[in-house]
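The residues making up each chain are set out below.
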Amino acid sequence: MSRLGTALLCLSVTCGAFAAPAGSAPAAVAGAPAEPPALLLPVQGIAPSDLRDTFDDGRDGNQRGHEAIDILAPRGTPVLAVDDGRIVKLFLSQPGGMTVYQFDPTGRFAYYYAHLDRYADGLAEGQAVRRGSVIGYVGSTGNASPDAPHLHFALFRLGPEKQWWKGEPVNPFRYLGGKPP
């Protein structure tokens, strides 16, 4: 192939002339991880052996999936950021109560922390957080039983729109060090 042909081929590939067919899955973003990293356990003092995989448990009479894990802990136990990233939304909802949505550094994954008793002092949307930073405290707000304080933790693979409220659920159990029985 001539130099001109090689240059045109490189240019067309770089500019996207050879796009994927309509309806095919989008290509991974260069440098973005396809899988979540190993995450820090988000509840201080809890060991991976304490985790129970509740991701596939049914809710509302098995009308919907849980798509998260619940980590039981005493009310007021510090909740830690599982990864470096950015706080994208502090939200109060009827099912989740006091919640935090955090994006990972690549913007590929969202971490959802729910049923918090309160937020860490000074926590704000747009704030950068480091892995292990206290972002809130275990509680039972929202539809959680007042007698069973816990952290409802979910992991989502984000689409190209980067919408904090929408993504593909990923079971966080093994990324938190959980081992099947």
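Residues numbered from 1 in each chain as written. Predicted model: local features only at pLDDT ≥ 70, side-chain atom pairs only at ≥ 80, totals over all residues. Heavy atoms only, no water.

Caption draft 1: Structural view of the nonpolar core. Ranked by internal contacts, the top residues of the largest apolar core, which has 31 residues, are V100, Y113 and I135. Only strand 3 (69-72), strand 5 (85-93), strand 6 (97-103), strand 7 (109-119), strand 9 (134-138) and strand 10 (150-157) provide two or more residues apiece to this core. Among the elements that make up this core, the one with the highest residue count is strand 7 (five residues). Of all hydrophobic cores here, the second largest spans ten residues; its members include Y101, Y112, F156 and L158. (Core = buried A, V, L, I, M, F, W, Y, C linked by side-chain atoms within 4.5 Å. Buried < 20%, exposed > 50% of the residue type's maximum accessible area, 1.4 Å probe, protein only. Helix = DSSP H or I, 4+ residues; strand = E, 2+ residues; numbered from the N terminus.)

Caption draft 2: A look at the environment of S93. Looking at the element boundaries, S93 is found in strand 5. Overall, the relative accessible area of 15% leaves S93 in the buried class. As a C-alpha pair, S93 and T141 span 48 residues in sequence and 9.1 Å in three-dimensional space.

Caption draft 3: Main features of unusual backbone geometry. A positive phi is found at H115, a non-glycine position, where the angle reads about 70 degrees. Relative to the assigned elements, H115 resides in strand 7. By relative accessible area, H115 is classed as buried at 5%. Although it is not a glycine, K162 sits at a positive phi angle of roughly 55 degrees.

Caption draft 4: Region of the structure containing the pattern of salt bridges. For the coordinates displayed, the defined rule picks out seven salt bridges. Here E35 makes a salt bridge to R157, at a shortest N to O gap of 3.7 Å. On the criterion of sequence distance, the pair formed by E35 in the loop between helix 1 (3-15) and strand 1 (58-59) and R157 in strand 10 is long-range, its members being 122 residues apart. By relative accessible area, E35 is classed as partly exposed at 41%. For E125, the salt bridge goes to K89, with nearest N and O atoms at 3.9 Å. On the criterion of sequence distance, the pair formed by E125 in the loop between strand 7 and strand 8 (128-129) and K89 in strand 5 is long-range, its members being 36 residues apart. For E125, a relative accessible area of 43% puts it in the partly exposed group. (Salt bridge = Lys/Arg side-chain N within 4 Å of Asp/Glu carboxyl O.)

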